[in-house]
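Chain by chain, the residues run as shown.
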Amino acid sequence: MTVEMEQVIKRYDQFCLNISLKAVPGQITGLVGQNGAGKSTAFKSILGLTNIDEGSISVFDKPHTSLTPKDKQDISVVLSDSGFSGYLTTNSIVSIMAAMYPDFDKKGFLDRCERFSLPLKKKIKDFSTGMRAKLKLSLALSHPSKLMILDEPTAGLDVIARDELLTLLREYMEEDEERSILISSHISSDLEGLCDDIYFIHDGQIVLHEDTDVLLDSYASLKVDEKQFEKLDKQYIISAVRESFGYLLLTDQKQFYLENYPDIVVQKGSIDDIILLKVKGEPV
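Residues numbered from 1 in each chain as written. Predicted model: local features only at pLDDT ≥ 70, side-chain atom pairs only at ≥ 80, totals over all residues. Heavy atoms only, no water.

A. Main features of helix α11 (residues 271-280). All of the buried residues along α11 are Ile271, Ile274 and Leu277. With its buried residues spanning 135° around the axis, α11 presents them on a single face. (Buried < 20%, exposed > 50% of the residue type's maximum accessible area, 1.4 Å probe, protein only. Helix = DSSP H or I, 4+ residues; strand = E, 2+ residues; numbered from the N terminus. Arc of directions from axis to C-beta.)

B. Up close: helix α3 (residues 90-100). Residues of α3 that are buried include every one of Thr90, Ile93, Val94 and Met97, and no others. For α3, the arc enclosing every buried residue in end-on projection is 110°, short of the 170-degree limit, so these residues lie on one face. What points out from α3, more than 90 degrees from its buried face, is the exposed set Ser95 and Ala99. Elements that come into contact with the buried residues of α3 comprise α4 (106-115) and α5 (129-140). (Contact = heavy atoms within 4.5 Å.)

C. Spotlight on the pairing of strand β1 (residues 3-11). Here five bridges tie β1 to strand β4 (residues 54-59), and the two strands are oriented antiparallel to one another. Its bridge partner being in β4, valine 3 is matched across the sheet by valine 59. Joining the antiparallel neighbours β1 and strand β2 (residues 16-23) is a turn of four residues. (Pairing = 2+ DSSP bridges.)

D. Structural view of the environment of proline 283. Relative to the helices and strands, proline 283 is located in the segment after α11. Judged by relative accessible area, proline 283 falls into the exposed class, the value being 70%.

E. The sheet that holds strand β11 (residues 220-224), seen in detail. Spatially, the four strands line up as an open sheet ordered β12-β13-β11-β14, and their pairing is antiparallel. Edge strands, defined here as strands with exactly one partner in the open sheet, are β12 (237-243) and β14 (265-268). Within this sheet the neighbouring strands show an average axis-to-axis angle of 25°, counted without direction. Pairing between β11 and strand β13 (residues 246-251): five bridges, direction antiparallel. If you follow valine 224 over to β13, its bridge partner there is tyrosine 247. (Axes fitted to C-alpha atoms, helices over the stretch in contact; angles between N-to-C directions.)

F. Broad picture of the packing of aromatic side chains. Across all of its chains, the model carries seven aromatic pairs by this definition. Ring centres 3.9 Å apart and planes at 20° place the aromatic pair phenylalanine 229 and tyrosine 247 in the stacked group. With phenylalanine 229 in helix α9 (residues 226-231) and tyrosine 247 in strand β13, this pair connects stretches of sequence that are 18 residues apart. Comparing phenylalanine 229 with tyrosine 247, the two get one shared label, buried. With a centroid separation of 4.9 Å and an interplanar angle of 70°, the aromatic rings of tyrosine 236 and phenylalanine 256 are classed as edge-to-face. Note that tyrosine 236 is positioned in the loop between α9 and β12 and phenylalanine 256 in helix α10 (residues 254-260), a separation of 20 residues in sequence. Through pairs of rings, three or more aromatic residues link up here, namely Tyr236, Phe256, Tyr257 and Tyr261. The residue whose ring lies beneath lysine 234 is phenylalanine 229, and the NZ or CZ to ring-centre distance is 4.6 Å. (Phe/Tyr/Trp six-rings, centres within 6.5 Å; stacked < 30°, edge-to-face > 60°. Lys NZ or Arg CZ within 6 Å of the ring centre and 35° of its normal.)

G. A look at the environment of threonine 2. Inspection of the secondary structure puts threonine 2 in the segment before β1. Of the residues examined, threonine 2 reaches a relative accessible area of 5% and is grouped as buried. If we skip the residues at most four places from it in the chain, threonine 2 touches Ala23, Val24, Pro25, Ser58, Val59, Phe60, Leu147 and Ser180. At 2.9 Å, the side chain of threonine 2 forms a polar contact with the side chain of serine 180. (Polar contact = N/O pair within 3.5 Å; in protein donor to acceptor, adjacent residues only side chain to side chain.)

H. Geometry of the environment of lysine 22. As for its position among the elements, lysine 22 is in strand β2. Counting along the chain gives 163 residues from lysine 22 to serine 185, while the straight-line C-alpha distance between them is 17 Å. With near-sequence residues (within four places) excluded, lysine 22 lies in contact with Met1, Val3, Glu4, Thr29, Asp197 and Tyr199.

I. Spotlight on the side chain of threonine 89. One can find threonine 89 in the loop between β6 (75-78) and α3. You can call threonine 89 buried: its relative accessible area is 15%. Within the structure, the side chain of threonine 89 is placed 3.0 Å from the side chain of serine 92, a separation counted as a polar contact. Every residue in contact with threonine 89, bar those within four places of it in the chain, is listed here: Leu120, Lys121, Lys122 and Lys123.

The structure is reproduced here in structure tokens:
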């Protein structure tokens with residue numbers, strides 16, 4: 001197991017993280033939720049940047065507090081609220097990274113800077129939000145690692161830049177089948193075509209975990225009026241939201257309702273739809 005969080009609790013005055021999740025070799029695992037849902041807290045807990053109150057975290061099958069300097073060399077990290085001083089240039093960062101990581105891939109980093117049109121002599125404080133995001137990812141990709149932890153790496157990027165970034169991540173995984181990526185985003189569409197499995201986090205808790213293929217193939221929303229709702233077999237209904245027309249329902253057995261209820265509206269759910277119905281809905 002690359003990462004495992006078991007019943008991890010971190011308490012703040014107005015917020016409590018209570019989470020369990022796993023990231024396994026060869027897979028990309030997504031953590032999806034609104035800003036403030038607890039994604040950054042979860043990642044900082046894994047990295048030991050914040051102390052947890054209860055539970056356990058292991059990285060590379062070791063307690064996360066027992067990682068050696070060599071273990072830490074095998075982790076690449078992009079956090080949404082961290083980075084180099086704005087007064088450094090890209091060229092300055094090359095020297096710093098080469099000193100920190102003996103296997104820093106200078107040529108690969110400079111090639112990615114060229115690919116992303118990142119200036120080498122311009123101060124980072126003068127970069128756009130998108131340029132900073134590209135710089136942080138380029139750095140994370142510039143030394144061999146077994147685990148990459150990415151907190152909101154697509155924030156501030158336009159559609160084309162996000163696609164370029166996701167392509168880089170796919171290339172990273174193709175280079176070594178034992179690598180893992182743990183990535184968070186509030187833009188769920190970014191993760192639909194990237195992640196093998198997705199955890200949904202809301203108010204510090206995991207409200208749903210599923211393989212991405214299952215989410216996209218088996219989950220759906222059902223639109224039913226009052227009479228249809230009364231007659232409906234509800235054994236596969238996860239949650240329900242009352243609407244003006246009747247009910248909007250979430251199911252993980254789309255095919256069952258397509259085959260047995262031809263008169264109701266069955267809509268293939270996007271990840272956003274699933275999150276909304278899971279969070280807003282009530283058990284039936």
